[in-house]
Amino acid sequence: MKNEVMYGILFLFSVFISSVSQILLKKSAGKAYESKIREYLNPPVMIAYFIFFVSTLLTMFAYRYVPLSLGPVLEATGYLWVSLLGWFFLKERISRKKWIGLGIIIIGILFFNL
Amino acid sequence: MQKTRTYVYLHILLLFYSLGAICSKFAGEAEFLSFPFFMYYGLLLTIMVIYAVFWQQILKVIPLTTAYASKAVTVIWGLVWGMLIFHETLTLQKAIGAGIIMFGIVMVVKADEE
């Protein structure tokens, strides 16, 4: 049981850094680049893909003890991270409806794990 | 009719995506750096690349928000594959939790539409 909790936290961390990677890519997508090559081979994009790669590894390790049914449930926290990171770093608005939806996701995840 | 076909493709693609999670779990349960470990991880990465390519194509014909809302179905696939392949149990609590999460996801995605 303890393993499931510890590795569950690892899984959540993996989802978090995957969200960071998405925000990095989004921030990078807004910029103009000299060439198509530069669009992909610049530091922020390369770092973003590296982080994503690390995330797939961490998720895989976490699945050692996390049940498969729990995986997508924990991945749903990604919506929360992306919204918060987008708000903080990209100045994206979070509407009231969105806050409510995010709250419902969290409630669902907690309910699932009771 | 054409639209129905597109949504069927979308869900086949999401089903395909859920197979990635299965590979991730098999890889995680395998002995570190063993042949099955590399095989399943390689399979996972292959699935993710193929998924990314087809996801981009689908986005050309389906609204982004609709596609992301549909992604909520991966929660169901996690429960199904967890049961069928990893003999995890499905409880009413999990089913309700999953339903709440999916409702929350659709709400979050729809909030972005406005």
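Conventions we followed
- Residues numbered from 1 in each chain as written.
- Chains lettered and ligands numbered in written order.
- Predicted model: local features only at pLDDT ≥ 70, side-chain atom pairs only at ≥ 80, totals over all residues.
- Heavy atoms only, no water.
- pLDDT = per-residue confidence, 0-100.
- Helix = DSSP H or I, 4+ residues; strand = E, 2+ residues; numbered from the N terminus.
- Axes fitted to C-alpha atoms, helices over the stretch in contact; angles between N-to-C directions.
- Parallel < 35°, antiparallel > 145°, perpendicular 65-115°, else oblique.
- Left-handed = near helix turned anticlockwise from the far one by under 90°.
- Nonpolar A, V, L, I, M, F, W, Y, C, P; charged D, E, K, R; others polar.
- Phe/Tyr/Trp six-rings, centres within 6.5 Å; stacked < 30°, edge-to-face > 60°.
- Lys NZ or Arg CZ within 6 Å of the ring centre and 35° of its normal.
- Expected span 1.5 Å × (residues − 1).
- Buried < 20%, exposed > 50% of the residue type's maximum accessible area, 1.4 Å probe, protein only.
- Contact = heavy atoms within 4.5 Å.
- Patch = residues over 30% accessible without salt bridge, like charges linked within 9 Å, V, L, I, M, F, W, Y side chains within 5 Å.
- Areas by Shrake-Rupley, 256 points an atom, 1.4 Å probe, with all protein chains shown as cover.
- Salt bridge = Lys/Arg side-chain N within 4 Å of Asp/Glu carboxyl O.

All names here are of chain B. Here chain B shows a mean pLDDT of 93. Residues at 70 or above account for 98%. By mean pLDDT, helix H3 (residues 64-70) is the weakest element of chain B at 89, and helix H4 (residues 74-86) is the strongest at 97. Across the interfaces of the predicted complex, the ipTM metric reaches 0.90, alongside a pTM of 0.91.

As a further point, take the packing of helix H1 (residues 2-29) of chain A against helix H3 (residues 43-62) of chain A. Residues and elements named next belong to chain A. Two numbers describe how H1 lies on H3: the axes approach to 8 Å, and their chain directions differ by 160°. In terms of axis orientation, H1 runs roughly antiparallel to H3. The handedness of the crossing between H1 and H3 is left-handed. Taken together, the residues of the contact of H1 with H3 sort by class into 19 nonpolar, 6 polar and no charged.

Right, let's talk about the packing of aromatic side chains for a bit. This structure, assessed with the given rule, holds 15 aromatic pairs over all chains. Aromatic side chains B:Trp77 and B:Trp81 sit 5.6 Å apart centroid to centroid with 20° between the ring planes, which places their arrangement in the stacked category. Of the two residues, B:Trp77 and B:Trp81 both sit in helix H4, 4 residues apart, roughly one turn of that helix. In this structure an aromatic cluster arises from ring pairing among A:Phe61, B:Phe32, B:Phe37 and B:Phe38. Positioned above the aromatic ring of B:Phe86, the side-chain terminus of B:Lys25 is 5.6 Å from the ring centre. One Lys or Arg, B:Lys71, reaches over the ring of B:Trp55 and ends 5.8 Å from the middle of that ring.

Confidence in the prediction of chain A, expressed as mean pLDDT, is 92, and 99% of residues score 70 or more. Ranking the elements of chain A by mean pLDDT puts helix H2 (residues 36-40) of chain A last with 76 and helix H4 (residues 71-75) of chain A first with 97.

Moving on, we get to H3(A). For H3(A), with 20 residues, the first-to-last C-alpha span of 28 Å sits near the 28 Å given by 1.5 Å per residue. Taken as a whole, H3(A) has its buried residues at A:Val45, A:Ala48, A:Ile51, A:Ser55, A:Thr56, A:Leu58, A:Thr59, A:Met60 and A:Ala62. Looking at the buried positions of H3(A), the neighbouring elements they touch are H1 and H2 of chain A together with helix H1 (2-29) and helix H2 (35-58) of chain B.

All names here are of chain A. Taken together, the side chains of Ile37, Tyr40, Leu41, Met46 and Tyr49 present a nonpolar region at the surface, about 550 Å² in accessible area. Of all the secondary-structure elements, those providing two or more residues to the nonpolar patch are H2 and H3. Structurally, Leu41 can be placed in the loop between H2 and H3. On the basis of relative accessibility, which here comes to 47%, the residue Leu41 falls in the partly exposed class.

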